[in-house]
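Topology and contacts: notes
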Amino acid sequence: MKEIEPPAKDPPWLMRTYSGYASAAESNRLYRANLAKGQTGLSIAFDLPTQTGYDSDHILARGEVGKLGVPMRTREDMEALFDQIPVERMNTSMTINAPTAWVLALYLSLARQQGADLSQLRGTTQNDILKEYLSRGTYIFPPKASIRLAGEVIRYAFHHLPKWNPINICSYHLQESGAEPVQEVAFTLANAVCVLDAVRAAGDIPAQDFPQVVGRMAFFLNAGIRFIEEMCKVRVFSRMWDRICRERYGVSDPGLRRFRYGVQVNSLGLTERQPENNIARIIYEFLGVVLSKSARARSVQLPAWNEALGLPRKWDQQWSLRIQQILAHETDLLEYEDIFEGSAVIGRKEKLLEDAAQAELERILEMGGAVEALENGYLKRCLVESNARRIREIETGRRVVVGVNRFEEGEPSPLTAGLDASFLTVDDAVENEQIAILRAFRSRRDAGRVAGALDHLHRTLSSGGELMAASIACAEAGVTTGEWSDALRSVYGEYRAPTGVGGVAASDGAGEDMRAVIQRVRQVSDRLGRNLKLLIGKPGLDGHSNGAEQIAVKARDAGMEVVYEGIRLTPEQIAESALQEGVHVVGLSILSGSHLKLVPEVIRGLEERGLKTLPVVLGGIIPESDLTKMPQASIKRVFAPRDYHLNRIMHEIVDVVAAANGIDLSAVTP
Amino acid sequence: MNLRSAGIELDGILNAQKTAIAGALNLLENRRPAEEGLAAELIEALTRHARPDRHVIGITGPPGAGKSTLISRLVREYRSAGRRVGVLTVDPSSPRSGGALLGDRARIDYDPGDPGLFIRSMAAGPHLGGLAWRTRHCLSLFEAAYDRILIETTGVGQSETEIEKVADTVVYVVQPGSGDSLQFMKAGIMEIPHVLVVNKADRKNLALKSYHELQALAGAGRRADDGWIPQLILASALEGWGHEALAAALERHLDFLSSGRLNDLRRMHRVQWVYILFVERFGSYGVERLGGERRIYERLEEADMSNPLRALQELAEESKRISQKPGC
């Protein structure tokens, strides 16, 4: 029998794993191992101090160094990260936003050192600042300055890095913060328009070349579990982007109007309970962004099945990579044209999404655009509202989550046996080691050259000159991330984004249980003589504020008075607010894993202010074994992200306050 | 129970020690009847020690006008001049649950280690008028501890008339293009504030339009009650200008009051405070029983205002006597 010629296949998407931790050297070993296993690109995670422009020895960096990514302070860190990895042959994606120009400058100085041809460099800098204000939290400067900075990177790439994606506009984090598909499309496109309009208005790119700039715009999407709708969303994205390119920017070449996007499928929906089910969720979510050829992702990152539990190990990441490889190489998916071509069902769904998204986009543009809608709090308020709706649906069972609010009974999982020990944990010694490496570098470098480069950077900032060139000179001279960021802070100032919780409407259909909570809050308030007052604090650099926001809104709806000051507070600030506001309980939300450092510091601050007996509750991913290492007398409750029953959390807060004040509410226990 | 045994340290308060201030605020906000005697005693002591050079400034205006940002700037201005600053901010409460999100603190830029600055957020509760039920109680504390006291109202608009009865100086903040919010001033529902600020004046054209609208209003002449000519200020928090002019205008108004009716004004505010407390507790029926609003004001104008809660108590007792009279 004659062997059949295998059918022609489309090339698969880029397969990446978002990773980086501890140190540049450690991450380098991980990258080389992943490349050896067939991974085709790198996706670099930086730690929070790097993302927010602080050196590892800054006070706000405490507890965060090397935790969620690699610490990147100097050109030597970049050299260590890419040891034996030639950047010219790499496709490197960097999740960096506020200090994009700086980190790219470090990368370019390394590329020069390796003798690479800059015009051949491939990769992506995320460089998307608006979603940082809305959901991810690693912003530094005010919105208008930030948009200007993003534009600097785009203009530099246009002139020098023709194969680089200078910006990756993200809808990913908007979905994590609660965005529904219509909001995701509208907010993201409004963001892209805002950036492009600003670059065009700067006027230094000739009009005939502007389509090239438009053509380098890339997007980073999320894919949720409703995968048919998600696929329609992606197709709507493509169509609306094409229209914007044609009508707003006059791009005639269809190749430059392509909606180029990468995906990380949804981590938010991954559950802590029965975590093995997450593999199924990851696969279905993945289908949403690869099934339709005309709207297929160009790169895909899959989370690990156990991400809701802790930092995945190499084996966990390998499993997610294999899922992609099997779909690309074993199945027949890549042999077909778009399999949804002509489907009336899909067409109708798309029409619904598109009409609504277009209307929402126009509303934002009428407001004055994305920056205006950000500054006036509109975008954030919409997200907090949608997220409250989502959580309410899970709470009431209207939205099914298998193993969590339906089919909850299950066998003990062999995968999770002894999991606490099987996680990758970042050794606390890492922070001190990294500080030592940084300080050794500082003392070794040519101080005069550093001062000269920083001085030049300052002058460039005030004269509006070439920021990228000045930054590359800084990188080569030995300037650090903190020093570069401070120079920009001194010119642009810093920013605190709207928390979005103030204008959120009260939750609908309060229900019997909610009325019981309100009643108990009233009872305890009457006994206290003042309304139950709750301070919600987010210490450290962790910007993931969805949980804190939802608790704030819920507590307000439960009748409490809530003080919430947003993200990135020092322990001292939180303790001081607790004192000045006379609160009855403090809730701390920490998702970055730095609780061991930050929680004791807050509690010490409270004690110093005579608030030794003030009860504290925690929210976050806090392993049992860590609790014994914290001041247990003050910590009255710990809530995990899996505790989606917000009413129950409210009841427990009432219990905590009652107990701390010797109030007996037994007659009205729910 | 006396103040000391209740843990209230008057010396600490007068020295603006933050733990002492916080503890006293918790007492003053307490609504249990059992605490009232203590609160009355504290207010009387605080009144004796009110700082002679203090200035109580009310900041009002529609949501989004940038009141909190302006307060941040004023705080910095006052702190660098070495003045102690107390800030009271009021947010609306949900009528359904009674809960509130106290968001102003997040918008004020401050140094938590600053010993001469204290910020307290309050929920308005069911109280209308732009302030909280206990804002005045807390103000009496701040008057004994701080040189400059800033009160930010709920910012819900037309009903915010109460700040006039509390602050020495009222600042009204608008953002460019918000002409609607001026309607109630034009309609005479509210007296023209002492100082008008067009914030976010970096938006040049719109700001100019608002400026002219306000100028037409302010230029209508001196205020009927005190003859003060309202001041008009342009400011931009973004570009960092205008707040010095605002601080200067505020000082001018304080000087103007000091050489005139400041003491009468403050006494009048206390009379109004007692009246509002009375209405809050006994309602309009109670007012009628004592012969009506005017009669009560006449009585209070003769009363000792160093202890408003005692004056209230006296009114309450009289009300009780009348209601027990046969045939009433």
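Keep in mind that what you see is a predicted model, and the values were worked out from it rather than measured.

In this section: the overall build of chain A. Per the secondary structure count, chain A includes 26 helices and 15 strands. Rg of the C-alpha trace for chain A: 25 Å, near the compact-globule value of 26 Å for 670 residues, within the 12% margin. Here chain A holds 670 residues, and 61% of them are scored as buried. If you take every contact in chain A between residues at least 6 apart in sequence, the share linking residues at least 24 apart comes to 80%. Just so you have it, chain A exposes about 25400 Å², and 52% of that area is on carbon and sulfur atoms. Counting 78 positive and 86 negative side-chain charges, chain A places the averaged centre of each group 1 Å from the other.

So, about unusual backbone geometry. Residues and elements named next belong to chain A. One non-glycine residue, Asn127, lies in positive phi territory at about 50 degrees. Tracing the chain through its elements places Asn127 in the loop between β5 (122-125) and α5 (130-136). The residue Phe407 is not glycine, and still its phi comes out positive at about 50 degrees. Among the structural elements, Phe407 can be located in the loop between α15 (378-396) and α16 (419-422). On the accessibility criterion, Phe407 (55% relative accessible area) is exposed.

Take the sheet that holds strand β8 (residues 218-223) of chain A next. All names here are of chain A. What the five strands build is an open sheet, ordered β1-β10-β9-β8-β7; its pairing is parallel. Lying at the two open borders of the sheet, with one neighbouring strand each, are β1 (14-16) and β7 (168-170). This sheet shows a mean twist of 25 degrees between the axes of neighbouring strands, independent of strand direction. Bridge count between β7 and β8: three bridges; the pairing is parallel. Looking across to β8, one finds that Cys170 is bridged to Phe220. Against the sheet, helix α10 (residues 227-247) contacts β8 and β9 (261-265), and its axis sits at roughly 160 degrees relative to β8. Of the strands in this sheet, β8, β9 and β10 (299-301) touch helix α11 (residues 278-290), which is tilted by about 165 degrees from β9.

Here we take up the packing of helix α21 (residues 511-528) of chain A against helix α26 (residues 646-660) of chain A. Residue and element names in this part refer to chain A. Where α21 meets α26, the axes come as close as 10 Å, and the angle between the chain directions of the two elements is 15 degrees. Between α21 and α26, the angle is such that the two are roughly parallel. Seen along the crossing, α21 lies across α26 with a hand that is left-handed. Residues Asp513, Met514, Ala516, Val517, Arg520, Val521, Val524 and Leu528 of α21 lie in contact with α26, whose contacting residues are Asn647, Met650, His651, Val654, Asp655, Val657 and Ala658.

This part covers the sheet that holds strand β1 (residues 55-60) of chain B. Residues and elements named next belong to chain B. Spatially, β4-β2-β5-β1-β6-β7-β8 is the arrangement adopted by the seven strands of the open sheet, whose pairing is parallel. Looking at which strands have only one partner, the edges of the open sheet turn out to be β4 (117-123) and β8 (231-234). Neighbouring strand axes in the sheet, compared pairwise and without regard to direction, differ in orientation by 20 degrees on average. Sheet analysis places strand β7 (residues 195-198) next to β8, joined by four bridges and oriented parallel. Each residue of the ladder has a partner; that of Leu196, found in β8, is Leu232.

Bringing the nonpolar core into the picture now. Counting residues in hydrophobic clusters, the biggest one holds 174 residues, and the most contacted among them are Trp13(A), Phe82(A), Leu121(A), Phe219(A), Trp241(A), Leu457(A) and Met560(A). At eleven residues, the largest contribution of residues to this core is made by helix α8 (residues 181-202) of chain A. Residues from two domains meet in this core; each of domain 1 (14-376 + 411-422) and domain 2 (511-668) of chain A gives at least three. By size, the runner-up hydrophobic cluster in this structure holds 83 residues, among which are Leu579(A), Val602(A), Cys138(B) and Ile151(B).

What follows covers a nonpolar patch on the surface. Residues and elements named next belong to chain A. Together, Ile225, Ile283 and Tyr284 make up an exposed nonpolar region whose accessible area comes to about 250 Å². As for its position among the elements, Tyr284 is in helix α11. Look at Tyr284 and you get partly exposed, because its relative accessible area is 41%.

Attention now moves to the interface of chain A and chain B. When the parts of a complex come together, some accessible area is lost, and that lost area is often used as the size of the interface. Contacts between the two partners involve 37 residues from chain A, matched on the other side by 28 residues from chain B. Between chain A and chain B, a total of about 2700 Å² is buried, with carbon and sulfur atoms accounting for 48% of that surface. The three residues of chain A that bury the most area against chain B are Arg530(A), Gln580(A) and Glu581(A), which together make up 22% of that side's buried surface. Scanning the region where chain A abuts chain B turns up five salt bridges. For the salt bridge of Lys18(B) with Glu576(A), the shortest nitrogen-to-oxygen distance reads 2.9 Å. The interface formed by chain A and chain B holds 22 residue pairs in polar contact (both at pLDDT 80 or more) in total. Elements that contribute at least two residues to the side of chain A that touches chain B include exactly α21, α22 (546-557), β12 (561-564) and α23 (571-581) of chain A. The element contributing the most residues to the side of chain A that touches chain B is α23(A), with seven residues. Split into classes, the residues belonging to the side of chain A that touches chain B amount to eleven nonpolar, eleven polar and 15 charged. As paired elements, β12(A) and strand β3 (residues 100-102) of chain B share three bridges and run parallel to each other. Bridge assignment links Val563(A) to a residue of β3(B), and that residue is Leu102(B).

Turning next to the domain arrangement of chain A. Residues and elements named next belong to chain A. By the assigned domains, chain A splits into domain 1 (14-376 + 411-422) and domain 2 (511-668). Listed by partner, the interface residues are 24 residues for domain 1 and 22 residues for domain 2. Interface area for domain 1 against domain 2, summed over the two sides, is near 1900 Å², with a carbon-plus-sulfur share of 50%. The largest per-residue losses of area from domain 1 upon contact with domain 2 belong to Leu60, Arg62 and Glu272, which jointly make up 27% of the total buried on that side. At the level of elements, α2 (48-51) and α5 are the ones that each hand at least two residues to the side of domain 1 that touches domain 2.

Let us look at the packing of aromatic side chains. One pass over the full model with this rule turns up 22 aromatic pairs over all chains. Measuring from ring centre to ring centre gives 5.6 Å for Trp13(A) and Phe286(A), while their planes differ by 80 degrees; the resulting arrangement is edge-to-face. Residue Trp13(A) is located in the segment before β1, and its partner Phe286(A) is located in helix α11; the two are separated by 273 residues in the primary sequence. Among the residues examined, Phe286(A) registers a relative accessible area of 1% and is labelled buried. Aromatic side chains Tyr133(A) and Tyr495(A) sit 5.3 Å apart centroid to centroid with 85 degrees between the ring planes, which places their arrangement in the edge-to-face category. Of this pair, Tyr133(A) sits in helix α5 while Tyr495(A) sits in the loop between α20 (481-492) and α21; the two residues are 362 residues apart in sequence, bridging distant segments of the chain. A residue is classified by how much of its surface remains accessible, and Tyr133(A), at 4% relative accessible area, is buried. Judged by relative accessible area, which is 18%, Tyr495(A) ranks as buried. An aromatic cluster of three or more residues is present, and its members are Phe219(A), Phe237(A), Trp241(A), Phe259(A) and Tyr261(A). The ring of Tyr78(B) carries the charged tip of Arg148(B) above its face, separated from the ring centre by 5.8 Å.

Calculation criteria
- Residues numbered from 1 in each chain as written.
- Chains lettered and ligands numbered in written order.
- Predicted model: local features only at pLDDT ≥ 70, side-chain atom pairs only at ≥ 80, totals over all residues.
- Heavy atoms only, no water.
- Helix = DSSP H or I, 4+ residues; strand = E, 2+ residues; numbered from the N terminus.
- Rg over C-alpha atoms; globule rule 2.2 N^0.38 Å.
- Buried < 20%, exposed > 50% of the residue type's maximum accessible area, 1.4 Å probe, protein only.
- Contact = heavy atoms within 4.5 Å.
- Areas by Shrake-Rupley, 256 points an atom, 1.4 Å probe, with all protein chains shown as cover.
- Lys, Arg positive; Asp, Glu negative; His and termini not counted.
- Charge placed at Lys NZ, Arg CZ, Asp CG, Glu CD.
- Pairing = 2+ DSSP bridges.
- Axes fitted to C-alpha atoms, helices over the stretch in contact; angles between N-to-C directions.
- Parallel < 35°, antiparallel > 145°, perpendicular 65-115°, else oblique.
- Left-handed = near helix turned anticlockwise from the far one by under 90°.
- Core = buried A, V, L, I, M, F, W, Y, C linked by side-chain atoms within 4.5 Å.
- Domains from an automatic or database assignment.
- Patch = residues over 30% accessible without salt bridge, like charges linked within 9 Å, V, L, I, M, F, W, Y side chains within 5 Å.
- Salt bridge = Lys/Arg side-chain N within 4 Å of Asp/Glu carboxyl O.
- Buried area = accessible area lost by both parts, 1.4 Å probe.
- Polar contact = N/O pair within 3.5 Å; in protein donor to acceptor, adjacent residues only side chain to side chain.
- Nonpolar A, V, L, I, M, F, W, Y, C, P; charged D, E, K, R; others polar.
- Phe/Tyr/Trp six-rings, centres within 6.5 Å; stacked < 30°, edge-to-face > 60°.
- Lys NZ or Arg CZ within 6 Å of the ring centre and 35° of its normal.

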